[in-house]
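Residues per chain are reported as follows:
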Amino acid sequence: MIKRVYFDNAATTQVSPEVLSEMTPYFSQIYGNASEPHSWGDEAKKGINQAREQVADVLGAKPSEIFFTSCATESINLAHKGLIEAARGEGRGASEKPHIITTQIEHKAVLETCKHLEKLGLAEVTYLPVDQYGLVSIGDVEKAIKENTVLVSVMYVNNEVGTIEPIVEIGKMIKEVNITRLASRLPCKGLPLLKFHTDATQAIQYMDCNVDTLGVDMLSMTGHKLHAPKGIGALYIRKGMSMVRQQDGGAQELGLRAGTENVPYIVGLGKAIELARSGKWEDRSEKIERLRDKLIAGILKITGTKLTGHSEKRAPHIASFVFEGIEGEAMLLYLSEEGIAVSSGSACTSGSLEPSHVLTAMGIPPEIAHGSVRFSLSKYTTEDEIEYTLKVLPGVVKRIRKMAPKL
Ligand code: PLP
């Protein structure tokens with residue numbers, strides 16, 4: 001029988017049994033609408049409040065600074081569009097376009113949101129380059145700051161290559177800029193204060209996400225990367241920030257996100273984030289890192305393979321490679337036949353295979369970038385699964401290379 005090995009945890013994770021059992025009563029027993037002032041509503045509200053505290057606890061934030069959404073994409077849209085709309089309505093006048101600084105390797109949720117704001121003429125955007133390891137330079141961020149810059153948005157961990165960005169250092173630099181801006185505010189109106197957003201979707205399980213340590217004003221996350229279900233996310237917004245909600249209707253989520261709350265999923269996210277940080281979570285991270293390093297060492301023994309991303313500044317669960325002479329998509333299919341699920345960095349766009357925008361930004365030529373394959377682990381990954389994969393992989397590589405046309 002073929003073994004089944006799931007190495008696509010950066011795409012989504014299994015819902016953990018503890019999360020599922022916490023959620024279950026909220027479907028059929030505690031099913032009240034949390035906005036209703038009767039006991040059914042109160043019970044549901046209690047579940048939401050507890051989850052808000054669980055998320056706030058991990059972020060070192062106040063519960064009133066946590067807003068539940070449907071996913072990281074929605075959180076990111078709300079963070080960027082909500083802030084830009086607020087910035088245009090205040091301060092130096094609606095005639096001046098607010099400026100956003102972001103990077104070329106962000107998830108499409110950030111890139112497409114920024115492009116949308118540009119297209120509507122609501123903001124101007126600088127997309128910063130990265131180095132060969134996928135790292136953004138703090139100096140580049142600082143140099144890109146202009147008088148009308150209102151937002152810096154840099155992801156915490158890149159989802160394709162796992163590189164950890166220097167969020168703490170960028171946060172410190174922004175704080176310094178804001179101190180200068182604050183000083184220039186008096187006696188006449190000065191420059192807008194810079195806000196800092198990070199997409200922590202791939203970081204939340206493994207990295208310190210204390211918002212004060214990071215120096216961020218907004219942080220986006222999603223549940224399904226940390227063993228909660230798909231369809232639930234959260235956005236942290238520092239108290240006192242001006243934001244305009246992007247979904248109009250009722251007064252749910254402290255008035256910032258209308259729509260009846262998805263109570264079971266909110267409860268699930270709360271439990272999942274609590275579990276991610278409970279007990280000896282650093283030991284769990286270390287175990288995943290050790291398995292990942294074993295996988296990396298084994299894969300690099302195959303000729304014509306190269307690790308992408310940073311060798312040390314790398315999240316514990318992601319290992320990404322390029323395989324010379326191999327299409328990532330072919331590898332994905334062949335490994336799938338062996339029961340192994342991985343992901344390819346390529347995105348299938350209108351019938352043609354586009355090389356990953358992340359690898360391209362890292363200076364990897366398109367023909368090499370096409371051979372990109374990502375392995376992503378979770379707390380459920382076992383030594384046995386790593387060994388099985390390392391046993392199967394050389395043969396798969398050999399077979400694909402044999403079939404590839406010689407150039
Ligand atoms: N940001 C990053 C870094 C991600 O990896 C993902 C998901 O792949 C997202 C944002 C979007 O998450 P969701 O699909 O839950 O909105």
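Per chain, residues are indexed from 1 in the order of the written sequence. Selection of residues for local features in this predicted model requires a pLDDT of at least 70, selection of side-chain atom pairs for listing and counting requires 80 or more, and totals for whole chains, interfaces and linings are taken over all residues. Computation of side-chain values: all heavy atoms of the structure, hydrogens and water removed.

Peer 1: Sorry if this is basic, but what is going on with the site of the ligand here?
Peer 2: By convention in these notes, a residue is near a molecule or strand provided one of its non-hydrogen atoms lies within 4 Å of it. Taken together, Cys71, Ala72, Thr73, His107, Met155, Asn159, Asp199, Thr201, Gln202, Thr222, His224 and Lys225 make up the full set of residues near the ligand. Any N or O atom pair separated by 3.5 Å or less is treated as a polar contact, with the protein-specific requirement of one donor-capable and one acceptor-capable atom, and with residues adjacent in sequence counted only for side-chain atom pairs. The contact in question runs from a nitrogen atom of the ligand to an N or O atom on the side chain of threonine 201, over 3.5 Å. A distance of 2.7 Å is found between an oxygen atom of the ligand and a side-chain nitrogen or oxygen belonging to threonine 222. Residue composition of the shell around the ligand, grouped by class: three nonpolar, seven polar and two charged. Amino acid classes used here: Ala, Val, Leu, Ile, Met, Phe, Trp, Tyr, Cys and Pro are nonpolar; Asp, Glu, Lys and Arg are charged; the rest, including Gly, are polar.

Peer 1: Honestly, helix α3 (residues 39–59) in this entry has me stumped. Any pointers?
Peer 2: Given 3.6 residues per helical turn, the α-helix brings residues three or four places apart onto the same face. Per the convention used, a helix needs a DSSP run of H or I reaching at least four residues, while a strand needs a run of E reaching at least two, with both numbered from the N terminus. Residue count minus one, scaled by 1.5 Å, sets the expected span of a helix. Given a rise of 1.5 Å per residue, 21 residues ought to cover 30 Å, and the 30 Å separating the end C-alpha atoms of α3 matches this to within 8%. Buried means the residue's accessible area, taken with a 1.4 Å probe over protein chains only, is under 20% of the maximum for its type, while exposed means over 50%, and partly exposed covers the values in between. For α3, every residue scored as buried is listed here: Gly41, Ala44, Gly47, Ile48, Ala51, Arg52, Gln54, Val55, Ala56, Val58 and Leu59. Any two residues whose heavy atoms approach within 4.5 Å at even a single point are treated as in contact. Its buried side turned inward, α3 meets α2 (25–28), β2 (66–69), α8 (211–214), β7 (218–222), β8 (233–237) and α9 (263–276). At the C-terminal side of α3, glycine 60 shows a positive phi close to 65 degrees.

Peer 1: Any chance you could explain helix α7 (residues 167–183) here in plain terms?
Peer 2: Look at α7: 24 Å from first C-alpha to last across 17 residues, which is about the 24 Å you get at 1.5 Å a residue. Considered for burial, the residues of α7 that qualify are Ile167, Ile170, Gly171, Met173, Ile174, Val177, Asn178 and Arg181. In a view along the axis of α7, the buried residues occupy a sector of 165 degrees, so they form one face of it. Opposite the buried face of α7, by more than 90 degrees, sit the exposed residues Lys172, Lys175, Glu176, Ile179, Thr180 and Ala183. The secondary structure elements touched by the buried residues of α7 are α6 (138–144), β5 (149–153), β6 (195–199) and α8. To obtain the arc, one takes the directions from the helix axis to the C-beta atoms.

Peer 1: It is not clear to me how the domain arrangement of the chain should be interpreted in this structure. Could you clarify?
Peer 2: Accessible area lost upon the coming together of the parts is a frequently used measure of interface size. An automatic or database domain assignment supplies the start and end points of every domain. Examined at the domain level, the chain breaks down into domain 1 (5–14 + 280–403) and domain 2 (17–276). Relative placement of domain 1 and domain 2: their C-alpha centres are 29 Å apart. Across the boundary between the two partners, domain 1 contributes 31 residues, which contact 31 residues of domain 2. Interface of domain 1 and domain 2: buried area, both sides summed, is about 2600 Å²; carbon and sulfur atoms make up 54% of it. Every case where a carboxyl oxygen of Asp or Glu lies within 4 Å of a side-chain nitrogen of Lys or Arg is listed as a salt bridge. Remark: the boundary between domain 1 and domain 2 carries zero salt bridges. Where domain 1 touches domain 2, the interface holds 19 residue pairs in polar contact (both at pLDDT 80 or more). If you list the elements that add at least two residues to the side of domain 1 that touches domain 2, you get α10 (281–300), β10 (318–323) and α12 (357–361). Looking at side-chain class alone, the side of domain 1 that touches domain 2 contains 13 nonpolar, 13 polar and five charged residues. Note on terms: buried area is the combined drop in 1.4 Å-probe accessible area of two parts once they are placed together, counting the loss on both.

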